[in-house]
Amino acid sequence: MRTLLEAAIIALGAWLCLSPLALGYAEPIAIALSVGMGVLSVVCACIGLRSKTVQINFMVLAAAGLCFAVWGLVGSLGLAWINGVNEVIVGLLIACLSAICLPLQLDVEKASFYNRGGSDLASISKMSEKKGNLLAKTVLLGSMPETIFIRPEELCKLLSLMDFQVVAKLPGMLYEGWKQNRASSEEK
């Protein structure tokens with residue numbers, strides 16, 4: 001999935017390099033910023049393709065994407081509005097895709113689930129898709145290897161079991177998990 005996101009960032013970067021020609025940018029500063037952001041996007045995504053654990057490139061790219069979107073919003077007031085719309089949309093897409101790439105840049109071997117006492121209930125070492133189902137390679141109760149098949153209808157049921165409080169807290173939980181995983185991977 002990470003490779004697909006990085007390929008999308010590269011495509012957006014290429015578009016930014018070509019958009020001054022395609023949309024007829026007239027201002028030299030707008031051309032320079034668009035091409036510069038395009039090159040930065042391509043370089044940062046290529047660094048991500050080469051390294052599984054480098055994260056600073058996506059942090060820089062997320063911040064640059066937001067700045068580029070703000071530039072597009074402000075710049076569209078005085079320049080051609082189509083340039084601004086292009087910059088806002090592409091800047092926000094690059095920022096979002098870069099932010100999504102961050103937790104995927106962690107080199108993890110497994111995800112574990114525990115009971116209240118801290119005992120290992122299940123460890124998932126790999127997830128994939130086969131014939132429309134999700135497959136999870138797991139070890140149950142610390143000693144029983146098993147492959148769990150999750151059918152689409154069961155996945156839909158699982159999502160409907162979540163109440164609004166869970167959905168509202170998921171972004172914060174994902175951020176905290178990312179920070180903890182990043183800290184533990186830096187200790188290694």
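Before reading further, recall that the structure is shown in the block above.
What comes next concerns the included structure. Only a predicted model underlies this, so the values are computations on that prediction, with no experimental measurement involved.

## Topic: the overall build of the protein
Item 1. Along its length, the protein carries six helices and four strands.
Item 2. Starting at the N terminus, the α and β elements of the protein follow one another as α-α-α-α-β-β-β-β-α-α.
Item 3. Long-range pairs, those at least 24 residues apart, make up 50% of the contacts in the protein between residues at least 6 apart in sequence.

## Considerations on the nonpolar core
Item 1. Counting residues in hydrophobic clusters, the biggest one holds 17 residues, and the most contacted among them are Ile9, Leu16, Met37, Leu61 and Ile94.
Item 2. Within the residue set of this core, elements represented by two or more residues are helix H1 (2-23), helix H2 (28-50), helix H3 (56-78) and helix H4 (81-104).
Item 3. If one sorts the elements of this core by residue count, H4 sits on top with five residues.
Item 4. The contacts of methionine 37, once residues within four sequence positions are left out, are Leu16, Leu61, Ala64, Gly65, Phe68 and Ile94.

## Remarks on the pairing of strand E2 (residues 120-130)
Item 1. The pairing of strand E1 (residues 111-114) with E2 spans four bridges and is antiparallel. Within E2, the residue paired with tyrosine 114 across the bridge is aspartate 120.
Item 2. Between the antiparallel neighbours E1 and E2 lie five residues, among them glycine 118 with a positive phi of about 90 degrees.
Item 3. For E2 and strand E3 (residues 133-140), the ladder comprises eight bridges, and the chain directions are antiparallel. Among the inter-strand pairings, glutamate 129 is bridged to a residue of E3, identified as leucine 134.

## Some details on a nonpolar patch on the surface
Item 1. A cluster of nonpolar side chains, Ile82, Val85, Ile89 and Leu93, forms an exposed patch at the surface whose accessible area comes to about 300 Å².
Item 2. Residue position: leucine 93 is located in helix H4.
Item 3. By relative accessible area, leucine 93 is classed as partly exposed at 40%.

## A short note on the sheet that holds E3
Item 1. Taken together, the four strands give an open sheet; going across it, the order is E1-E2-E3-E4, and neighbouring strands pair in antiparallel fashion. The outermost strands of the open sheet, each flanked by one partner alone, are E1 and strand E4 (144-150). Taking each pair of neighbouring strands and ignoring which way they run, the sheet shows an average axis angle of 30 degrees.
Item 2. The pairing of E3 with E4 spans seven bridges and is classified as antiparallel. In the sheet register, lysine 137 faces E4, and the bridge partner there is threonine 147.

## Concerning the side chain of serine 123
Item 1. With respect to the element layout, serine 123 can be found in strand E2.
Item 2. A polar side-chain atom of serine 123 sits 3.0 Å from a polar atom in the side chain of serine 112.
Item 3. Apart from the residues lying within four places of it in its own chain, the contact partners of serine 123 are Lys110, Ala111, Ser112, Lys137, Thr138 and Val139.

## A few points about the pattern of salt bridges
Item 1. This structure, assessed with the given rule, holds three salt bridges.
Item 2. The partner of arginine 151 in a salt bridge is glutamate 153, with the nearest N and O atoms 2.9 Å apart.
Item 3. Residue glutamate 154 is joined to lysine 157 by a salt bridge in which the shortest nitrogen-to-oxygen separation is 3.2 Å. In this pair, glutamate 154 and lysine 157 both sit in helix H5 (residues 152-161), three residues apart, roughly one turn of the helix.
Item 4. On the basis of relative accessible area, glutamate 154 is assigned to the partly exposed category, the value being 31%.
Item 5. The class of lysine 157 is partly exposed, set by a relative accessible area of 46%.

## Side note on H2
Item 1. With 23 residues, H2 extends 33 Å between its outermost C-alpha atoms, agreeing within 8% with the 33 Å of an ideal straight helix rising 1.5 Å per residue.
Item 2. Of the positions making up H2, those classed as buried are Ala30, Ser34, Met37, Gly38, Ser41, Cys44, Ala45 and Gly48.

Definitions and cut-offs
- Residues numbered from 1 in each chain as written.
- Predicted model: local features only at pLDDT ≥ 70, side-chain atom pairs only at ≥ 80, totals over all residues.
- Heavy atoms only, no water.
- Helix = DSSP H or I, 4+ residues; strand = E, 2+ residues; numbered from the N terminus.
- Contact = heavy atoms within 4.5 Å.
- Core = buried A, V, L, I, M, F, W, Y, C linked by side-chain atoms within 4.5 Å.
- Buried < 20%, exposed > 50% of the residue type's maximum accessible area, 1.4 Å probe, protein only.
- Pairing = 2+ DSSP bridges.
- Patch = residues over 30% accessible without salt bridge, like charges linked within 9 Å, V, L, I, M, F, W, Y side chains within 5 Å.
- Areas by Shrake-Rupley, 256 points an atom, 1.4 Å probe, with all protein chains shown as cover.
- Salt bridge = Lys/Arg side-chain N within 4 Å of Asp/Glu carboxyl O.
- Axes fitted to C-alpha atoms, helices over the stretch in contact; angles between N-to-C directions.
- Polar contact = N/O pair within 3.5 Å; in protein donor to acceptor, adjacent residues only side chain to side chain.
- Expected span 1.5 Å × (residues − 1).

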